[in-house]
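Single-letter residue listing:
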Amino acid sequence: MRANRLLSILLLLQSRGRLTAQALAAEFEVSVRTVYRDIDELSAAGVPVYADRGPGGGFALLDGYRTRLTGMTASEAETLLLAGLPGPAADLGLAEPLAAARLKLLAAVPQAAGEGAARVGDRFHLDPVDWYRRAEPPPHLPAIARAVWGQRRLVIRYESWSATVRRTVDPLGLVLKAGAWYLMARIGDGIRADIRTYKVAKVLDLDVLPDGFDYPAGFDLAAQWQESLQRFARELRRAEAVLRVSPEALPLLDRLGADAVEAVQRAESDAEGWRRATVPIEGVGHAARLLLGFTDTIEVLEPPELRQALAEGARRVTKLYDKED
């Protein structure tokens, strides 16, 4: 365990440059004292690591020093092959580089580890597209991806929910969510800068500008994406409904969203197995369309407007199918 940590510290200093003892301690979840002992062991083993004291100081490797020792284990090689997802890589225009990297990885590890890694990679496949949907890579995705990698500013013509707009953006990262690609980009400069999310399929055309941009310091794509999801959920579902849910409806509750599922699961069942729960909804019209599919397995208790919308929807369905031939 300690040998792995020493190697990881060495590789981390090589890839990131100077790091403080506190940063290394947080990275490996050990004490600062343990980090100092590890640095002493690396120095004793001949690794040219030195320390700078004071503000902005930390540990660093001597300029020009690089190790070829990676110590990649079989499980690490397997993990890398699992991370090489052929479908998304092809969407991004990286299918051939991915195949080449896979071969080089297998050639770089010992034969036994390489055989095991190849077996894991060959026996795992990720299909990120939901059931009953077709995978349709957006036509502008490869160009947007190249702009992301190269930090090149873009001008996009984008079809939003209300209008077609033209925006100059700094492309910061791409996210694949349930088979759909999203671009996280910065618009504006200085204190007016804002991070926004664009569905790549809604980009009608684009121009790659010759000028680049400075990537924002400390930007965390995964954290920013999670924050945007939470903000979207808060802004979208501002209303609530009180439901009475039968046991027959429980297996299908995911249609209403994770928040509704969790609320119903927390509720206690009555003598007949029905559960009463308050769930978030987008609005009366949207909720009525979803709940009509549950027929009599879910009863809406509140608000009255939703009950009326369901009753009216049921009358329209009845009228449609009660027509005489």
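Thresholds applied
- Residues numbered from 1 in each chain as written.
- Predicted model: local features only at pLDDT ≥ 70, side-chain atom pairs only at ≥ 80, totals over all residues.
- Heavy atoms only, no water.
- 1 Å grid on protein atoms, 1.4 Å probe; cavity = no way out; pocket = protein on both sides within 12 Å on 5 of 7 lines; lining within 4 Å.
- Points joined across faces, edges and corners; volume = space filled by probe spheres on them.
- Helix = DSSP H or I, 4+ residues; strand = E, 2+ residues; numbered from the N terminus.
- Nonpolar A, V, L, I, M, F, W, Y, C, P; charged D, E, K, R; others polar.
- Core = buried A, V, L, I, M, F, W, Y, C linked by side-chain atoms within 4.5 Å.
- Buried < 20%, exposed > 50% of the residue type's maximum accessible area, 1.4 Å probe, protein only.
- Contact = heavy atoms within 4.5 Å.
- Salt bridge = Lys/Arg side-chain N within 4 Å of Asp/Glu carboxyl O.
- Pairing = 2+ DSSP bridges.
- Axes fitted to C-alpha atoms, helices over the stretch in contact; angles between N-to-C directions.

(A) Representation of empty space enclosed by the protein in the model. Inspection of the entire model under this criterion finds one cavity of 30 Å³ or more. Considering only enclosed or pocket space, the largest cavity measures out at about 100 Å³ in volume. Along the walls of the largest cavity sit Arg237, Leu243, Leu256, Ala260, Val279, Pro280, Ile281, Glu282, His286, Ala287, Leu290 and Leu291, which together make up its complete lining. At the level of elements, strand S9 (275-281) and helix H11 (284-292) are the ones that each hand at least two residues to the lining of the largest cavity. By residue class, the composition of the lining of the largest cavity is nine nonpolar, one polar and two charged.

(B) Fine view of the nonpolar core. Membership of the largest hydrophobic core comes to 22 residues, with the highest contact counts inside it found for Leu243, Leu256, Leu291, Ile298 and Leu306. Counting only elements with at least two residues in this core, the list comes to strand S8 (239-245), helix H10 (258-266), S9, H11, strand S10 (298-302) and helix H12 (304-321). Excluding residues within four positions of it along the chain, leucine 291 makes contact with Leu243, Leu256, Ile298, Val300, Leu306 and Leu310. Leu141, Ile156, Leu174 and Ile187 belong to the second-largest nonpolar core, a separate cluster that totals 20 residues.

(C) Main features of the pattern of salt bridges. Tallied over the full model, the rule gives 13 salt bridges. One salt bridge connects aspartate 207 with arginine 166, and the closest N-O pair in it is separated by 3.3 Å. Of this pair, aspartate 207 sits in strand S7 (residues 203-212) while arginine 166 sits in strand S4 (residues 164-177), placing them 41 residues apart in sequence. For aspartate 207, a relative accessible area of 40% corresponds to the partly exposed category. Among the charged side chains, a salt-bridge network with shared partners connects Arg153, Asp170, Arg186 and Asp211.

(D) Layout of the sheet that holds strand S5 (residues 180-187). In space, the five strands of this open sheet follow the order S6-S5-S4-S3-S7, with antiparallel pairing throughout. Two strands lie at the open edges of the sheet, namely strand S6 (194-199) and S7, each paired on one side alone. Put simply, the sheet's adjacent strands are angled 45° from each other on average, direction ignored. Looking at chain direction, S5 and S6 are connected through six bridges and run antiparallel. Its bridge partner being in S6, isoleucine 187 is matched across the sheet by aspartate 194. Taken strand by strand, helix H9 (residues 221-236) contacts S4, S5 and S6, and its axis lies near 110° from that of S4.

(E) Structural context of the layout of surface pockets. Here the largest pocket defines a volume of roughly 1700 Å³. Forming the walls of the largest pocket are 35 residues, and the residues nearest its centre are Ala180, Tyr182, Lys199, Trp225 and Phe232. Within the residue set of the lining of the largest pocket, elements represented by two or more residues are strand S3 (152-159), S4, S5, S6 and H9. For the lining of the largest pocket, the leading source of residues is H9, giving seven residues.

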